[in-house]
Amino acid sequence: MAVSVGYVSREATSNLWRNRMMTVAAVLTVAVSLALVGSALLLKQGAAHATERWQQGVNVVVFVNAGASHSQFSSVGRQLHQLPYVKSCVARSQAWDYAEARSIEPAEVFQALTPAITPSSWRCALNQPSEAALIVQQFAGKPGVEHVASPSAQIRTMETVIHVLQWAFLAVAAVLLLSASVLILNTIRMAIFARRREVSVMKLVGATNWFIRLPFMAEGLVQGLLGSLVAVLVVLGLYFGFLDQTKTAANQSSLIVQMSLGATEVTVTCIVVLVVGVLAGVIGSALAVRRFLDV
Amino acid sequence: MIQFENVTKTYKGSTVALRNCSVDIDKGEFVFLVGPSGSGKTTFIRLLLREELPDSGRIWEAGREIGKLPKWRIPYLRRNIGCVFQDFRLLPTKSVFENVAFALEVIGRPKHVINTQVPQVLDLVGLSKKRDNLPGELSGGEQQRVAIARAFVNRPLILLADEPTGNLDPTTSLGIMRLLDRINRTGTTVVIATHDAGMVDQMRRRVIELDRGVLVRDQARGVYGLDGSVSAAGAGSPTGLPIETSTNNEPDGPMAAEA
Ligand SMILES: Nc1ncnc2c1ncn2[C@@H]1O[C@H](COP(=O)(O)OP(=O)(O)OP(=O)(O)O)[C@@H](O)[C@H]1O
Ligand SMILES: [Mg+2]
């Protein structure tokens, strides 16, 4: 026997309305927790983007003394190659560095350089930019090494902050999501209690178990869905407010720009938020139905 | 239609509610289930509704052994069984019509079926004029008629009643019994658990008596109690009709049926 969609939605709506205070509380909790989940996801993806950009742009550069011997130069290279967190390492000649300096250094600095005194260098790509500090520690002051250039401490701090923030968001979101499920469970429990007469009559006259359960399940689903829709609005607000790629023109160097996300990533985030919200609702109501609806 | 074979039911707490009970009720029979409080009448009915399972023994209903029924089939079994109770169990926020229609709605019957069957059954129980009243606006007897209409609207094979007149005065009770009798005449098997001695004595239908879970009497055209207790019940007969003392007190075979 098919359970009619009309019947289920009618019953679920009237239940939701009867318990509207609890429903609002449950929906808001779902919304807040999922907004945090969404933000954490955006942050995570943004951080991944930013990191990727830093990794492409800023490698660790170990400058070897201009006067160093060829064997000193290659010994530094060998040591760099042996490090587990170094992904790749390329040698640059004095001439190459001189050419690069010409293009990036201000005129006063460049004019003081000649090809002969421009140091040659090793350019290393790392598995993680945060490991740059280790290279600086190990190689600064080694014989033959003139200077180790690494991503600035500021950027590294930023990365740590984002990392911590992201986990804090997820932790708070997990706790809130749990309480959201419990709230949904409780509203369903109250709905079941309010309808215990109907339920006992339904059992008596032979309504199937799913016919009795579905309106309550649908009620939980709607609560989860409403909450996650609010959360999706928050995520979209964040996206269009801060992380939208189309705003990159404004300030090329800002962190926000480096974190900018594509539409696909935001869409995926929204879908994740919706699915998690619906799951929270369905799981909460399924538990309530199992526990309190004796069918 | 209903067959108990050596059924024993023990509740946790080791109360034996039914002890090795065997009984046969044919299609179309009208049976009173009597016995003192705690003798197992409600248990008998709950077993038939498969709200409980027996500890041992087997129960058949409409040709099926209900102990073997998988859980998901239970609702379909209950669609063949109507049941009414002492406390009516109507939904207070629904009108008479809606209360009866609810029984069809929740088993997925289409609107047009509801709109033809509900008025028919309301007519049968004599409540066509009160179809839009709420249960709270009805007398106890009228509420019980609504409950009977709800139990009967799906044309069940069996109608069970657990003390249907327990809350009603004698005249009203008689009306309810007549209604159940009329339903019985449509071919529905009717089983009534009752304390109402006068009614049982008056109706002269098959009587099954339980005592502390044991089936002690099964009698066609029986009375509420035997001998002395008959006249006692008769003296208190609320309807004031003369009570004939039964001349045939031997328990009839399980196949005995009211013609
Ligand atoms: N759910 C239950 N749990 C434990 N014991 C029960 C339960 N239901 C009934 N009993 C016990 O089983 C015995 C039979 O009870 P039952 O309700 O069948 O009697 P009854 O004949 O319907 O009595 P009454 O005429 O008072 O309604 C009683 O001793 C009762 O205490
Ligand atoms: Mg009882």
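Rules used throughout
Residues numbered from 1 in each chain as written. Chains lettered and ligands numbered in written order. Predicted model: local features only at pLDDT ≥ 70, side-chain atom pairs only at ≥ 80, totals over all residues. Heavy atoms only, no water. Helix = DSSP H or I, 4+ residues; strand = E, 2+ residues; numbered from the N terminus. Buried < 20%, exposed > 50% of the residue type's maximum accessible area, 1.4 Å probe, protein only. Areas by Shrake-Rupley, 256 points an atom, 1.4 Å probe, with all protein chains shown as cover. Pairing = 2+ DSSP bridges. Contact = heavy atoms within 4.5 Å. Axes fitted to C-alpha atoms, helices over the stretch in contact; angles between N-to-C directions. pLDDT = per-residue confidence, 0-100. Near = heavy atom within 4 Å. Polar contact = N/O pair within 3.5 Å; in protein donor to acceptor, adjacent residues only side chain to side chain.

### With respect to the overall build of chain B
Consideration 1: Looking only at helices and strands, chain B features eight helices and 10 strands.
Consideration 2: Looking at chain B residue by residue over its 259 residues, the buried ones come to 52%.
Consideration 3: Carbon and sulfur atoms provide 49% of the accessible area of chain B, an area that totals close to 11,200 Å².

### Describing the sheet that holds strand β5 (residues 64-65) of chain B
Residues and elements named next belong to chain B.
Consideration 1: Overall, antiparallel pairing links the four strands, which are arranged β2-β1-β4-β5 in an open sheet. Whereas interior strands pair on both sides, the edge strands pair on one side only; in this sheet they are β2 (15-25) and β5.
Consideration 2: When strand β4 (residues 56-61) meets β5, the two strands line up antiparallel, connected through two bridges. Residue E61 lies in a different strand from β5, and its bridge partner there is R64.
Consideration 3: Packing against the sheet, helix α1 (residues 41-48) makes contact with β1 (2-11), β2 and β4, and its axis sits at approximately 115° to β1.

### Describing the pairing of β1(B)
Where a strand is regular, its side chains alternate between the two sheet faces.
Residues and elements named next belong to chain B.
Consideration 1: Inspection of the sheet shows β1 paired to β2 by seven bridges, in the antiparallel sense. Note that in β2 the partner of T10 across the bridge is V16.
Consideration 2: Remark: three residues form the turn of the hairpin made by β1 and β2, two consecutive strands paired antiparallel; G13 in that turn has positive phi of roughly 100°.
Consideration 3: Of the strand pairs in this sheet, β1 and β4 are connected by five bridges, and their pairing is antiparallel. Within β4, the position partnered with E5 by the bridge is R58.

### Focus: the confidence of the model for chain A
Consideration 1: Per-residue confidence for chain A gives a mean pLDDT of 80, with 85% of residues at or over 70.
Consideration 2: The secondary structure element of chain A with the lowest average pLDDT is helix α10 (residues 255-258) of chain A, at 58, and the one with the highest is helix α8 (residues 196-205) of chain A, at 93.

### Some details on the site of ligand 1
Residues and elements named next belong to chain B.
Consideration 1: By nearness alone, every residue bordering ligand 1 is listed as Y11, T15, A17, S37, G38, S39, G40, K41, T42, T43, E163 and H195.
Consideration 2: Separating an oxygen atom of ligand 1 from a backbone N or O atom of G38 is a distance of 2.8 Å.
Consideration 3: A distance of 3.0 Å is found between an oxygen atom of ligand 1 and a backbone nitrogen or oxygen belonging to G40.
Consideration 4: Protein burial of ligand 1: of its 630 Å² of free accessible surface, 64% is covered by the chains.
Consideration 5: Listing elements by their share of the shell around ligand 1, those giving two or more residues are β2 and α1.
Consideration 6: In terms of residue count, α1 provides more of the shell around ligand 1 than any other element does, three residues in total.

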